[in-house]
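Examining the three-dimensional arrangement
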Amino acid sequence: MEGCLSSLVKYLLFTTNFLIFILGITVFGLGIWVVVDKPSFLTLFETAQNVGGDIGTSFDVEIYTSAAYILMVVSCLVVIISFFGCCGAIKENKCMLGTYFTLILAMFIVMVVGAVLGYSGDLEKTIKTPLSKALLKYQDDPTESGDPALWAYKQAWNEVQTELKCCGVDNVKDWENQDGDFKFPTGMNKPDGCCNINQAGDGIKNGTVHDVCRGISAGDQTSSTYYFEGCYTKIKSTIEDNQNMVVGVAIGVVVVMFLNMLFSFAMCTMVK
């Protein structure tokens, strides 16, 4: 294969696939991290199911935990595909380039279908409804020795609210829901997790300050001292805030895949 244009196509194809190879390894590492360090709200849903059975047919913990494994499998496929692209380009091997073209075309189709299915998901039905049902199962008085299951559930809720810096589902007022029997101590109306850290980023170690926080009226939803925003509200805001970036990255990936398909097809026709 000779000529300036053909050499440009060759090295562009090699460079983009080498970068994708590195990205695939990185994503594989991310998948391992997700498996090892499961998000706290997934632990909460699992504990809720163990304590009180079904929290909503719309939420299946296994679907979300298996997503990490799917991510790892996809990243492995990306590494293999980019390997064919790198080797096929640098070796000018027609067979490897043809295999690469076929594999990346299949992945391109899968990504488009996956994007359509993912975009059509109902976040409120998938997360908010089961989270609201899980909240009603909370009780503040169980002890580890008296009722280990309910105590673990209490700890899970407090961990979620501390990690996500939130309180309740929509906001702190959820803890005044009349459908729940939360069994808070006298003068308190919210769990520990709402008051373990303030908006300055400081852990609240002073027992008196902590108790004062737990006793603040739930009507004060816009506190400038504590995190009284709901956990679902916070998750939704985070997704919406990063939506444009995710869409931009997705478009970039699709464009790169499409160009690589063109490059590999062009090289297949140039290689003798």
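Below you will find a few notes about this structure.

**Quick look at the overall build of the chain**
Of regular secondary structure, the chain possesses eight helices and zero strands. When its helices and strands are written in sequence order, the chain yields α-α-α-α-α-α-α-α. A total of 272 residues make up the chain; the buried ones form 35% of that total. Taking the intrachain contacts of the chain between residues at least 6 apart in sequence as the baseline, contacts between residues at least 24 apart amount to 71%. Total accessible area computed for the chain in this model is approximately 15100 Å², and 64% of it derives from carbon and sulfur atoms.

**Quick look at helix H6 (residues 148-164)**
Over its 17 residues, H6 runs 24 Å from end to end, which matches the ideal 24 Å to within 8%, given 1.5 Å per residue. For H6, the complete set of buried residues consists of Leu150, Tyr153, Lys154, Ala156, Trp157, Asn158, Val160 and Gln161. One or two positions beyond H6, positive phi appears at Lys165, with a value near 55°.

**Quick word on the nonpolar core**
Core analysis: the largest hydrophobic core is formed by 25 residues, its most contacted members being Tyr138, Trp157 and Trp175. Elements represented by at least two residues in this core include exactly helix H5 (123-135), H6 and helix H8 (231-270). Considering every element that reaches this core, the biggest residue donor is H5, with four residues. Residues Val78, Ile81, Leu97 and Ile104 belong to the second largest nonpolar core, which totals 17 residues.

**A short note on the state of the cysteines**
In this structure the tally under the stated criterion is three disulfides. With its sulfur 2.0 Å from that of its partner, Cys166 forms a disulfide with Cys231. Its S-S torsion of approximately 75° makes the covalent link between Cys166 and Cys231 right-handed. With Cys166 in the loop between H6 and helix H7 (207-215) and Cys231 in helix H8, the pair connects residues that are 65 residues apart, well separated along the chain. Residue class for Cys166 comes out buried when judged on its relative accessible area of 1%. The class of Cys231 is buried, set by a relative accessible area of 1%. Note on cysteine connectivity: Cys195 is disulfide-linked to Cys213, with sulfurs 2.0 Å apart. A torsion of -80° about the S-S bond marks the disulfide between Cys195 and Cys213 as left-handed. Placement of the pair is Cys195 in the loop between H6 and H7 and Cys213 in helix H7, with a sequence separation of 18 residues.

**Here's the deal with the packing of aromatic side chains**
One pass over the full model with this rule turns up ten aromatic pairs. When the centroid spacing of 6.2 Å and the interplanar angle of 75° are considered together, the rings of Phe83 and Phe84 count as edge-to-face. For Phe83, a relative accessible area of 45% translates into the label partly exposed. Their ring planes at 65° and their centres at 5.1 Å tell us that Tyr138 and Trp175 sit as a pair that is edge-to-face. On the criterion of sequence distance, the pair formed by Tyr138 in the loop between H5 and H6 and Trp175 in the loop between H6 and H7 is long-range, its members being 37 residues apart.

**Some points on the side chain of Lys154**
Here Lys154 lies in helix H6. Buried charge Lys154 goes without a salt bridge, the closest partner of opposite sign being Asp140 at 4.7 Å.

**Observations regarding unusual backbone geometry**
Of note, the phi angle at Glu92 is positive, near 55°, even though the residue is not glycine. Here Glu92 shows up in the loop between helix H3 (61-91) and helix H4 (94-119). In the Ramachandran plot, Lys183 falls in the positive-phi region, its phi being about 55° despite a non-glycine side chain. Along the chain, Lys183 falls in the loop between H6 and H7. When its relative accessible area of 39% is taken as the criterion, Lys183 is described as partly exposed.

**Observations concerning a nonpolar patch on the surface**
Among the surface-exposed residues, Val247, Ile251, Val255, Phe258, Leu259 and Leu262 lie close enough to one another that they form a single nonpolar patch of about 520 Å² accessible area. In this fold, Leu259 is placed in helix H8.

**Remarks on the environment of Phe184**
As for its position among the elements, Phe184 is in the loop between H6 and H7. Between the alpha carbons of Phe184 and Arg214 there is a distance of 9.5 Å; along the sequence they are 30 residues apart. Residues within four places of Phe184 in sequence aside, it is in contact with Tyr138, Asp140, Trp175, Asn189, Lys190, Pro191 and Arg214.

Rules behind the numbers
- Residues numbered from 1 in each chain as written.
- Predicted model: local features only at pLDDT ≥ 70, side-chain atom pairs only at ≥ 80, totals over all residues.
- Heavy atoms only, no water.
- Helix = DSSP H or I, 4+ residues; strand = E, 2+ residues; numbered from the N terminus.
- Buried < 20%, exposed > 50% of the residue type's maximum accessible area, 1.4 Å probe, protein only.
- Contact = heavy atoms within 4.5 Å.
- Areas by Shrake-Rupley, 256 points an atom, 1.4 Å probe, with all protein chains shown as cover.
- Expected span 1.5 Å × (residues − 1).
- Core = buried A, V, L, I, M, F, W, Y, C linked by side-chain atoms within 4.5 Å.
- Disulfide = S-S within 2.5 Å.
- Phe/Tyr/Trp six-rings, centres within 6.5 Å; stacked < 30°, edge-to-face > 60°.
- Lys, Arg positive; Asp, Glu negative; His and termini not counted.
- Salt bridge = Lys/Arg side-chain N within 4 Å of Asp/Glu carboxyl O.
- Patch = residues over 30% accessible without salt bridge, like charges linked within 9 Å, V, L, I, M, F, W, Y side chains within 5 Å.

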